[in-house]
Amino acid sequence: MRVNHVKLLVGGVQLRDGVTTVTDILGKIFTRAGLFAVAMEKGYASTIYGAHQFDPMLVTEEPPVSYGDPEVDVLVALDYDSNPDAPEQPNRDTVLRHGGKLRDGGVLVYDSSTGEIPTGALEARGIQVFPIPARRIAQSELKREIVKNVVMTGALFRLLQFDSDEAYLRQLLEERFLRKGREVVDLNLQAARRGRQEVERVLEANGYQLPVRLEPRPGRHRAVYISGNECLGLGAIAGGVRFYAGYPITPASSILEFMEQWLPKYGGRALQGQNERESIRAALGAALAGVRSMVGSSGPGISLKVEEFGVSGATETPVIVVDAQRAGPSTGMPTRPEQGDLNLVIGGGHGDFPRIVLAPGTVEECYTLMLEACELSDKYQCPVFFLTDLNLSEGKKTVLEDVFRRPQVVRHGIVREEDVRAKPYRRFEVTPSGISPRSVPGTPGAIFKASGAEHDEFGFVSIDPRKRAAMVEKRMRKLDTYLQEDWKPPQVFGSVRGNPVVVGWGNTRPVLEEARLFLQRRGVPVALVHFTHVFPLHRRKLEALFADAGPVVVVEQNFSGQFADLLQRELRIATRRVNKYNGVPLYPTEVAEAVLQALQREGAVVRIGGDSQPVPVEVGRNEHEGD
Amino acid sequence: MRVNHVKLLVGGVQLRDGVTTVTDILGKIFTRAGLFAVAMEKGYASTIYGAHQFDPMLVTEEPPVSYGDPEVDVLVALDYDSNPDAPEQPNRDTVLRHGGKLRDGGVLVYDSSTGEIPTGALEARGIQVFPIPARRIAQSELKREIVKNVVMTGALFRLLQFDSDEAYLRQLLEERFLRKGREVVDLNLQAARRGRQEVERVLEANGYQLPVRLEPRPGRHRAVYISGNECLGLGAIAGGVRFYAGYPITPASSILEFMEQWLPKYGGRALQGQNERESIRAALGAALAGVRSMVGSSGPGISLKVEEFGVSGATETPVIVVDAQRAGPSTGMPTRPEQGDLNLVIGGGHGDFPRIVLAPGTVEECYTLMLEACELSDKYQCPVFFLTDLNLSEGKKTVLEDVFRRPQVVRHGIVREEDVRAKPYRRFEVTPSGISPRSVPGTPGAIFKASGAEHDEFGFVSIDPRKRAAMVEKRMRKLDTYLQEDWKPPQVFGSVRGNPVVVGWGNTRPVLEEARLFLQRRGVPVALVHFTHVFPLHRRKLEALFADAGPVVVVEQNFSGQFADLLQRELRIATRRVNKYNGVPLYPTEVAEAVLQALQREGAVVRIGGDSQPVPVEVGRNEHEGD
Amino acid sequence: MNTKGIKLWEENAVPKHRIQWCPGCGDFGVLAALKQALTELEVMPHELLLVGGIGCSGQIRNYLNGNAFHGTHGGALAYGLGAKMANPDLKVICLAGDGDTFAIGVENFVHVCRRDPDMVLLVMNNGVYGLTKGQDSPTAGLGQPDERGSREEHPPMVDALLLALASEATFVAQSFSGDVKHTARMIVEAIQHPGFAFINDFSPCVTYNRFNTYDWFRERVEHVPEDHDPSDRDAAWRLVREFARRGKIPLGVVYRNPRPKRPQRRLPLWEDELSGVDLEPVLATYR
Amino acid sequence: MNTKGIKLWEENAVPKHRIQWCPGCGDFGVLAALKQALTELEVMPHELLLVGGIGCSGQIRNYLNGNAFHGTHGGALAYGLGAKMANPDLKVICLAGDGDTFAIGVENFVHVCRRDPDMVLLVMNNGVYGLTKGQDSPTAGLGQPDERGSREEHPPMVDALLLALASEATFVAQSFSGDVKHTARMIVEAIQHPGFAFINDFSPCVTYNRFNTYDWFRERVEHVPEDHDPSDRDAAWRLVREFARRGKIPLGVVYRNPRPKRPQRRLPLWEDELSGVDLEPVLATYR
Ligand SMILES: Cc1ncc(C[n+]2csc(CCOP(=O)(O)OP(=O)(O)O)c2C)c(N)n1
Ligand SMILES: Cc1ncc(C[n+]2csc(CCOP(=O)(O)OP(=O)(O)O)c2C)c(N)n1
Ligand code: SF4
Ligand code: SF4
Ligand SMILES: [Mg+2]
Ligand SMILES: [Mg+2]
């Protein structure tokens, strides 16, 4: 029996079945129990109702490297109905879709209220099947359909041999429902108990031996169960952001919700823009008034803001731009992850202007790197992009609280009344660092004119060729200063010298780390070089790093290899590529295998899940989904 | 005395003095006279009134390589007043600004109505000075201030010993004014004659010997005097574009004006969008209805359209996007040239989608390459970008009419009712070329659903990973097909083998050609490799081309070397760079010198007009200009 | 009801059980009404171009037969405008949400009203951004007290009818998807209107707008009175304002005043129309 | 006139002879009126944030003292909104053209009217895109017959006042820059209005609009009658429509109806306000 290492998957019909209500409870409780829960492979549809939804979760004793491979130990199917007219329809198909991921000897628990599912094929693989009529119990016995998921949760806890005294569950239920009355808590506990009982019944009837177990490790540490977007929101608040604007869009809407809830409590304001441009313009306005400002969106909204990035660059008005990436182009697949916006954020905008691109590798870095983004935007007075992706943004995991250090905020180079008494204030003074003294409007003597049109040191419009050249150089010089003073080299795992090097950036780090470990175990000593400070790149330092490296394989979740292109452009090294762009997250084993393939030949491009034959499709058998 | 090789410069106060009214007359008349006129270095302000404007023009016997260096033989100053309170103010300063460009022994003619300008320093250089009280003559003698420029034109013709029988001028005046009455023509001719007389007077008084002369070469060929934007408009009409939309912006407004005037005469429609996005969306709608569509804008408007490029890519709705580049970022310098939007058009947009970028090298290619753009957009059903710049767009030159061949338009892969009877129509059929059968709505049986959301072959939304991968690959495969079937290699001048190679793209070709000739004359045998098919690049063919090349110097009119970056990314060759970004056009001699400098050391970046010291500026002495 | 006709509209569309609206969503009523209206008018699916907005509502384009397009959020009207200008024979119907049309898409709404292309816009107005999970749309707050407007973050709602009137729309109507028959009637009249026809259809979002429910609407809807003169723009403004004061919601044609139109032709698009055109008239002006 | 005050507004600005408007441009009158109004109200330049649109008009920001910002075409209102939300002590005045505000910028206009931030928008309405050389703006066609509307390419004009009224603006006024004193009066009242104040100022473009000249306006302007109740939105609509019918142009406050406001505070921005804040309340919810 394996202890404290379980991968679960909960599936059901979106909106109706409450998939994430269940996983959120699980994640919270496991975290309280001192375990580590990682639910980063969000499977949901952008339509609101009726599509299939699933949420895998890895639970471990020690912090796991990544969320692991797709195989699961326990599959929980919340779907309760089956429509004989439409066998493929989403509201009964968790088992059909995910049964194949169940490990031999794993556990399937499903809602059997409307009848049992044929599971012979699974049982033949030693899978233990637990049909639980959760909804029927909730409706007929307990008279509250809504508690069906608690029945399932109780069943699941029994299957994991967890919380047998109901202490964790009771605590959570009391926090949530006590204000509605003790009866509500009791009803829920009763539901959980019924779930346990049903499991007992099946266990007895089949003489199953459960394969996995979760043991609490209470009191080891303080931890929260939290998403990437929530962490970056916290980071922004700790980093001094007091104005946030966003127009709703998956998967950035949750940042807006977080900010609307919390910013006012820290004296700030959050604005739901009436469009993508009102958002960033208002943020620029607030930044102009001296307030640290941030906007968040995803691909379509970032594309729409491009013109304003130039305004930020040219008027030297800082703004942090979170791009919670999703699969493009265009509307694409709004609920699927991708790393497809790098070219957009490094190239979007006419003319040359300075910008910095950061991409956190983990939920924790959504906090820590955001602190850096806050300082960088303030110091360099230019757009700072912060690239997450759907899974990192919406995915949740157990995070140790010591991550949340509270920083000293530093306001960079803002002039005060005293500073401008001696000589006339020049907002765009040409300086060796490229950074000019900023002023907060309202400061007597420090009046400025800022313009997206080319200007002189005072901000007055000018097309004098010498002034123009000096201004362009001044602005672009900020990037040299940044590279010298603030750029962070990539993290290196293993030894680069003579070894194949896997390169990654942003949210794929955990998977790449795990893939590296797999390869190491298989006797292939690869190094992993992983970037969070994605643009600009420090050419000299990186040349040194890659000087004696073996073949370089850049693994990215996009079609064209946007970061590989950037590396080639900056370092002129040959890259091989592993790309995945089918909307499914990257997994360690497939990455390891793809890297092995890529190592076989120069210039290799290995497409995970790609290069498929034309896919026959029929109207009506189509897995339809919205925008 | 030099015959048929003269560089002129006409300057004055914008709007008031009619600088381009004069140069337009000159260009037209010289063209009629069988000479070649090139006025591509437009010097104007984006504010409407009061700033300094100038328009250089090279006139030659044979088609010149480029517009040449900034030095001029004849300077024509139309400013008529001088304000002693404001010596630096724009309305008297043509001579101050451009006197330095006059070659020793050259000619200055200026309006002396309000007094004579101190010109001793010029005269010391052998410059012949002709003060002509043009405005006073117009006002007091001829009683029509407006003819002052005709006085100057007459004077200039006399100085060039051109049109002494007034045949060309009379012809033009009759075309323009005869419908207003014979008196108007006569008044104008009278004005021209007065200008001649004034020149005679000065000639006699000073015993000057005129240094240059223009001799007509009538009847050699048929030619027009035309701008790049007009040529590309013609190309679009000849290439089958029947819908054009644009929102006014310098330097793309003139395309809209051209299209509004001419498209309806060819059965088409031109729409002034109420914003940048209405324009491109309407164009996409028209394209969807089967009509070849085009939009035009400049940097700010291109930035604003980015989201729609993805729509074009994802829904496979073709559109030609003209980007008449101007100096950015942001509002930048709206009336100054730059090649700063390459990154934007190759990288703008979230996610990966196919696109093609073309950039004409000459006014002639604005026509010929546009024909190609029309076919490519139709064949590949994706955005095709067409990058000109301010000078190429607004600059005018003599173009031989045999350029304007009338092509056979080919509609690519549009299904008809007959085609879809056999099997159900799949708008997004997965094909080896990546190109799918398009349908025009209204075709019975060929109903389609097109969506920017990921979809199956029928266009129904789908997030099935296999379908997704197949669709991404299908779309991107179009670029492979393009590279194989339609990409054009760069033009090569000279021999690449073992020689230094100058690389350029788009509108700089003439200047680079001339710079190459200079270098050759100085014994430096460089090759020029010039691109019009800028993105994507055919890696294999280019690797072969550059395989035995000497050092590569990429010359661009932008700060960062955007095309050099692209070359590095695709070919991993080391580039040296020559960049100019101060808003002044590139000139052959400075390019030749910068290339020599760049050849001195690996990794060189030579900045023309750049790397200047902080420029001291004072409020009020500022060369102010608008947006 | 013409069921054979209705069947035609179910071909070549995502079948019913694939529709991913929440059970009870107001958009179902619009779908039914749309099919009825198209059947009644004997439109053929291949003549139709349905332009969907981005949102739950915009998905309707795939739930019935006919050519369909779906681009960016807020863009439906402008795509439709271009398609209609290119080919006046197409029947263009834009189908979008209130967020799509009045938030991000207001840049098109105001101007397309003025341009008056002969096409229809039906807005499925539910007071929320449905597809992004229920945030306030610009029409949020219908029937609620106005202290919402006391901060920049929560402005008072856009009244779609007033905005259309101010924007020079020539046909402005309102319907409620709980009344499919009336909605179908409005769609028929909108399609018949020679110019831009705007229908503001209240289509309840049963998931995220628990305030403006079917019952809530049923208690408040009232047909535009018989004696209302829909060709009088000022009367239309008064009517909307007066209903609002009474806490009522007018259903029917509030304003209809077609502008004279010049006939328009499909733009040339076939090879024989485009090849080898004579550039001489243009070149002549540059000689 | 307070010339010492006026002098203050000429410091730290591009001097007069550097102004690059055409001689006689209507924007000169606005500049004079603005200086007068600011002088009268004793505003200090460092308290001021002038947000310029893109156009001839937007250049006014550099022609008088005070902080100024100038970003994208159509964006002035939204930058102003953010700045004002960040610091309620700033006096924010947006100065933009009719093209900037009603063409590309209508996406902000409609919504910022509703949001009602305590700032001023003065539009220098000249019926053309001046800076791009005279194309029709959305307000083109004032006083001209309406057959223009017979094709999509040439829609009838936007009536700025009606659009503002439909968009829930709380202060809507009109002025004519040929009457500097009255324009200054409107600016004073706009600044004093606690909320969003919109002034539609007719500022003739002497170069590109030869129809709506100073004389043309002088013949048509008429002050809003004394008995007009500016707090009545319907009366405001009627007034605008009725003037239009008579071919007249109302000058004065057409609508004024402030909404109750909660007091607002400058957002924290200094190190001591921001450093080491306690995250415990947030973290607690995730345990
Ligand atoms: C540029 C851009 N920003 C944001 C989004 C996200 N988005 C999708 S639908 C939607 C709102 C839909 O609301 P509405 O138009 O009212 O339609 P409903 O879902 O209510 O029918 C938003 C904001 C997007 N697709 N594109
Ligand atoms: C995105 C974008 N598109 C187009 C332009 C070009 N442009 C500059 S000013 C202007 C119109 C100005 O008209 P208006 O706002 O009426 O100002 P006016 O010059 O008449 O005062 C336009 C279209 C631009 N700057 N940015
Ligand atoms: S969320 Fe609302 S609008 Fe969307 S499908 Fe559900 S009920 Fe309809
Ligand atoms: S073009 Fe018109 S708006 Fe612009 S400065 Fe001249 S008169 Fe004024
Ligand atoms: Mg809605
Ligand atoms: Mg204007």
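Above this text is the structure in question.
If you're wondering where the values come from, they're calculated on a predicted model, not measured in any experiment.

### Some words on the overall build of chain A
The helix and strand inventory of chain A stands at 19 helices and 26 strands. Projected onto the principal axes, the alpha-carbon positions of chain A cover approximately 90 × 60 × 55 Å. Taking all 627 residues of chain A together, the buried fraction comes to 72%. In chain A, of all internal contacts separated by at least 6 residues, the share reaching a separation of at least 24 is 75%. Working note: accessible area of chain A is about 18400 Å², and carbon and sulfur atoms make up 49% of it.

### With respect to the coordination of the magnesium ion (ligand 6)
Residue and element names in this part refer to chain D. Taken together, Asp98 (OD), Asn126 (OD1) and Val128 (O) make up the protein donors of the magnesium ion (ligand 6), found 2.0 to 2.2 Å from the metal. All donors of the magnesium ion (ligand 6) belong to a single chain; written as a sequence motif, their spacing is D-x27-N-x1-V. Of the two residues examined, asparagine 126 and valine 128, each falls in the buried class.

### Points about the packing of helix H2 (residues 27-40) of chain C against helix H7 (residues 180-192) of chain C
All names here are of chain C. Running from amino to carboxyl end, H2 crosses H7 at an angle of 50 degrees, the nearest separation of the two axes being 8 Å. Comparing the axis directions of H2 and H7 gives the class oblique. As H2 runs across H7, the sense of the crossing is right-handed. Of the residues in H7, those touching H2 at Gly29, Ala32, Ala33, Leu34, Gln36, Ala37, Leu38 and Glu40 are Val180, Lys181, Thr183, Ala184, Arg185, Ile187, Val188 and Ile191. Among the residues forming the contact of H2 with H7, the class breakdown is 10 nonpolar, three polar and three charged.

### Remarks on the interface of chain A and chain B
Across the boundary between the two partners, chain A contributes 84 residues, which contact 84 residues of chain B. When the two sides are added together, the surface that chain A and chain B hide from each other amounts to roughly 7400 Å², 57% of it contributed by carbon and sulfur. Applying the counting rule to chain A against chain B returns four salt bridges. Put simply, chain A and chain B have 36 residue pairs in polar contact (both at pLDDT 80 or more) between them. At the level of secondary structure, the elements contributing two or more residues to the side of chain A that touches chain B comprise helix H11 (299-315), helix H12 (342-347), helix H15 (465-485) and helix H18 (562-571) of chain A. Looking at the side of chain A that touches chain B residue by residue, the classes come out as 30 nonpolar, 28 polar and 26 charged.

### Re the coordination of the magnesium ion (ligand 5)
Here the magnesium ion (ligand 5) is held by the protein donor atoms C:Asp98 (OD), C:Asn126 (OD1) and C:Val128 (O), which lie 2.0 to 2.2 Å from it. The sequence pattern describing where the donors of the magnesium ion (ligand 5) fall on their chain is D-x27-N-x1-V.

### Some words on the interface of chain D and chain B
If you look at the interface, chain D gives 36 residues, while chain B gives 32 residues. Summing both sides of the interface, chain D and chain B together bury roughly 2700 Å²; the carbon and sulfur share of this comes to 53%. Broken down residue by residue, the surface that chain D buries against chain B is led by D:Arg18, D:Gln20 and D:Glu153, which jointly contribute 25%. Here D:Glu152 ties to B:Arg269 by a salt bridge, and the two come within 2.8 Å at their closest N and O atoms. Counting the contacts that link chain D with chain B gives six residue pairs in polar contact (both at pLDDT 80 or more). For the side of chain D that touches chain B, the elements supplying multiple residues, two or more each, are helix H4 (98-104) and strand E6 (135-136) of chain D.

### Considerations on the sheet that holds strand E20 (residues 491-493) of chain B
Residue and element names in this part refer to chain B. Taking strand neighbours across the sheet as the criterion, the six strands line up as E20-E22-E21-E24-E25-E26 in an open arrangement whose pairing is mixed. Two strands lie at the open edges of the sheet, namely E20 and strand E26 (605-608), each paired on one side alone. Averaged over all pairs of adjacent strands, the angle between their axes in this sheet comes to 20 degrees, without regard to strand direction. Taken together, the five bridges between strand E24 (residues 552-556) and strand E25 (residues 575-580) define a ladder with parallel strand orientation. Bridged to valine 555 within E25 is valine 578.

### Considerations on unusual backbone geometry
Cis geometry is adopted by the peptide bond preceding A:Pro251, which originates at A:Thr250 and carries an omega value of -5 degrees. Looking at where A:Pro251 falls in the secondary structure, it is placed in the loop between strand E10 (241-246) and helix H9 (253-262). Phi angles above zero are rare outside glycine, and B:Gln161 is one such case at about 50 degrees. In this fold, B:Gln161 is placed in the loop between helix H5 (148-159) and helix H6 (167-177).

### A look at the site of ligand 1
Lining the immediate environment of ligand 1, one finds 24 residues, of which A:Glu276, C:Cys56, C:Ser57, C:Asp98 and C:Asp100 sit closest. The site occupied by ligand 1 is bordered by residues of chains A, B and C. Between ligand 1 and C:Ser57, the relevant distance is 2.7 Å, taken from an oxygen atom to a side-chain nitrogen or oxygen of the residue. One nitrogen or oxygen atom from the main chain of C:Leu131 is found 2.9 Å from an oxygen atom belonging to ligand 1. Within the complex, the protein chains bury 99% of what would otherwise be the 590 Å² of accessible surface of ligand 1. Secondary structure elements with two or more residues in the shell around ligand 1: H11 of chain A together with helix H4 (98-104) and strand E5 (128-129) of chain C. Of all the elements, H4(C) adds the most residues to the shell around ligand 1, at four residues.

### Describing helix H19 (residues 588-599) of chain B
Residue and element names in this part refer to chain B. When the terminal C-alpha atoms of H19 are compared, their 16 Å separation across 12 residues agrees well with the 16 Å that a helix rising 1.5 Å per residue should span. Of the residues making up H19, those classed as buried are Pro588, Val591, Ala592, Ala594, Val595 and Ala598. Projected down its long axis, H19 carries its buried residues within an arc of 165 degrees, all on one side. Against the buried residues of H19 lie strand E21 (501-505), helix H16 (509-521), E24, E25 and E26.

Cut-offs used in this document
- Residues numbered from 1 in each chain as written.
- Chains lettered and ligands numbered in written order.
- Predicted model: local features only at pLDDT ≥ 70, side-chain atom pairs only at ≥ 80, totals over all residues.
- Heavy atoms only, no water.
- Helix = DSSP H or I, 4+ residues; strand = E, 2+ residues; numbered from the N terminus.
- Buried < 20%, exposed > 50% of the residue type's maximum accessible area, 1.4 Å probe, protein only.
- Contact = heavy atoms within 4.5 Å.
- Areas by Shrake-Rupley, 256 points an atom, 1.4 Å probe, with all protein chains shown as cover.
- Donors = N, O, S within 2.8 Å, 3.2 Å for Na, K, Ca; no water.
- Axes fitted to C-alpha atoms, helices over the stretch in contact; angles between N-to-C directions.
- Parallel < 35°, antiparallel > 145°, perpendicular 65-115°, else oblique.
- Left-handed = near helix turned anticlockwise from the far one by under 90°.
- Nonpolar A, V, L, I, M, F, W, Y, C, P; charged D, E, K, R; others polar.
- Buried area = accessible area lost by both parts, 1.4 Å probe.
- Salt bridge = Lys/Arg side-chain N within 4 Å of Asp/Glu carboxyl O.
- Polar contact = N/O pair within 3.5 Å; in protein donor to acceptor, adjacent residues only side chain to side chain.
- Pairing = 2+ DSSP bridges.
- Near = heavy atom within 4 Å.
- Expected span 1.5 Å × (residues − 1).
- Arc of directions from axis to C-beta.

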